[in-house]
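# Structure assessment
Single-letter residue listing:
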Amino acid sequence: MKIKLTLPNNIIREYPAGTTLLEVSRDFAANYQSPIVEGIFNGIGTDLQKPVFENGTVDFITLDTEEGMRVYVRSLLFLFLVAIKELRPEVKIEARNSLGSALFCEITNDIVLSNYDLKALEDYMKELAAKSEPIIYKHINKKEAEKILCERNEADRLELLHAIDDDLLLTCYTLKGHMEYFFGKICHVVSDYFFERKYITYICESDSEREKELFYVQELLNQRAAGIIIAPSGQNTPYLQG
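The notes below deal with the structure included here.

Further remarks concern the side chain of Asp117. Secondary-structure assignment places Asp117 in helix α3 (residues 115–130). Since its relative accessible area comes to 14%, Asp117 is described here as buried.

So, in structure tokens, the structure goes:
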């Protein structure tokens, strides 16, 4: 079975159903000055490894864009988490949020990493990147996800998972046998949850900028919002704690 895709510059091509956007992107990579890191299918940002089974419109996001850099940072974070599990599996670490151009991660079981440890992690990440170790994209069902999260004692993620419909498939990524989740549907699920309870949900993206975060929080408080769920940037801590 063939599908028809409308590509950049209104180019129309046919591909076998189930072709991934990564395979499609290889036909157009030479047209871009920066590497392609994500696809857009019918107007929605889509992982390049996702197979396509229907006609649609395809575009691409490159590394030199704001969204492209976010994809790169997510990939780098995954690489870091895998390196931790390979070299220091006893360390329990959580990625909290972005902090300027960096990511803020917290070790939750009081283990201290030395400069030697950090250098070893950096070298191992570079080694994985140099070998082009494949990151495998797949879907798992809710029951599989619950089992894995229970084994990891990740109570916070497990609580979010309970709000998701039983028949919903979750996206996960695997590298060297290590699986990680990026819950792309959580905002959608939270919005539906509150809609059913007659609440309106506003999603505000601060991009970890201090002024934007402060503005959004102040406006929501001025509007007497019933509640605020926030992933803090770490730059307004005194105000938020007050």
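Now for unusual backbone geometry. Not every positive phi belongs to a glycine, and Asn42 is a case in point at roughly 55 degrees. Topologically, Asn42 is positioned in the loop between β4 (36–41) and β5 (44–46). Unusually for a residue other than glycine, Ser132 sits at a positive phi of about 55 degrees. Along the chain, Ser132 turns up in the loop between α3 and β10 (136–140).

For helix α7 (residues 210–222), which comprises 13 residues, the first-to-last C-alpha distance of 18 Å matches the rise-based estimate of 18 Å (1.5 Å per residue) to within 8%. The complete set of buried residues in α7 reads Glu213, Leu214 and Val217. Buried residues along α7 cover an arc of 95 degrees about the axis, so they all sit on one side. Within α7, the exposed residues directed more than 90 degrees away from the buried face are Glu211 and Asn222. Immediately beyond the C-terminal end of α7, within one or two residues, lies Arg224, with a positive phi of roughly 55 degrees.

It is worth spelling out the pattern of salt bridges at this point. Under the counting rule described, the total for this entry stands at 10 salt bridges. Salt-bridge contacts for Arg74 lead to Glu38; the nearest nitrogen and oxygen are separated by 3.8 Å. On the criterion of sequence distance, the pair formed by Arg74 in helix α2 (residues 66–87) and Glu38 in strand β4 is long-range, its members being 36 residues apart. Lys126 is the salt-bridge partner of Glu122, the closest N and O atoms lying 3.2 Å from each other. On the criterion of helical spacing, the pair formed by Glu122 and Lys126 is a turn pair, its members being 4 residues apart in helix α3. Among the charged side chains, a network of salt bridges with common partners joins Glu66, Glu67 and Arg70.

Relative to each other, α2 and α3 sit at 115 degrees, their axes nearing to 9 Å. Helix-helix and strand crossings are classified by hand; for α2 and α3 the assignment is right-handed. Along the contact surface, α2 presents Leu76, Leu79, Phe80, Val82, Ala83, Ile84, Glu86 and Leu87, while α3 presents Ala120, Leu121, Tyr124, Met125 and Leu128. Split by residue class, the contact of α2 with α3 holds 12 nonpolar, no polar and 1 charged.

In spatial order, the strands read β2-β1-β7-β4-β5; together these 5 strands make up an open sheet with mixed pairing. Edge positions in the sheet fall to β2 (11–16) and β5, since each of these pairs with one other strand and no more. The average undirected angle you get between the axes of adjacent strands in this sheet is 40 degrees. Looking at chain direction, strand β1 (residues 2–7) and strand β7 (residues 56–62) are connected through 2 bridges and run parallel. The residue of β7 that forms the bridge with Leu5 is Gly56. Relative to β4, α2 is tilted by about 115 degrees, and along the sheet it contacts β4 and β7.

About the cut-offs
- Residues numbered from 1 in each chain as written.
- Predicted model: local features only at pLDDT ≥ 70, side-chain atom pairs only at ≥ 80, totals over all residues.
- Heavy atoms only, no water.
- Helix = DSSP H or I, 4+ residues; strand = E, 2+ residues; numbered from the N terminus.
- Buried < 20%, exposed > 50% of the residue type's maximum accessible area, 1.4 Å probe, protein only.
- Expected span 1.5 Å × (residues − 1).
- Arc of directions from axis to C-beta.
- Salt bridge = Lys/Arg side-chain N within 4 Å of Asp/Glu carboxyl O.
- Axes fitted to C-alpha atoms, helices over the stretch in contact; angles between N-to-C directions.
- Left-handed = near helix turned anticlockwise from the far one by under 90°.
- Contact = heavy atoms within 4.5 Å.
- Nonpolar A, V, L, I, M, F, W, Y, C, P; charged D, E, K, R; others polar.
- Pairing = 2+ DSSP bridges.

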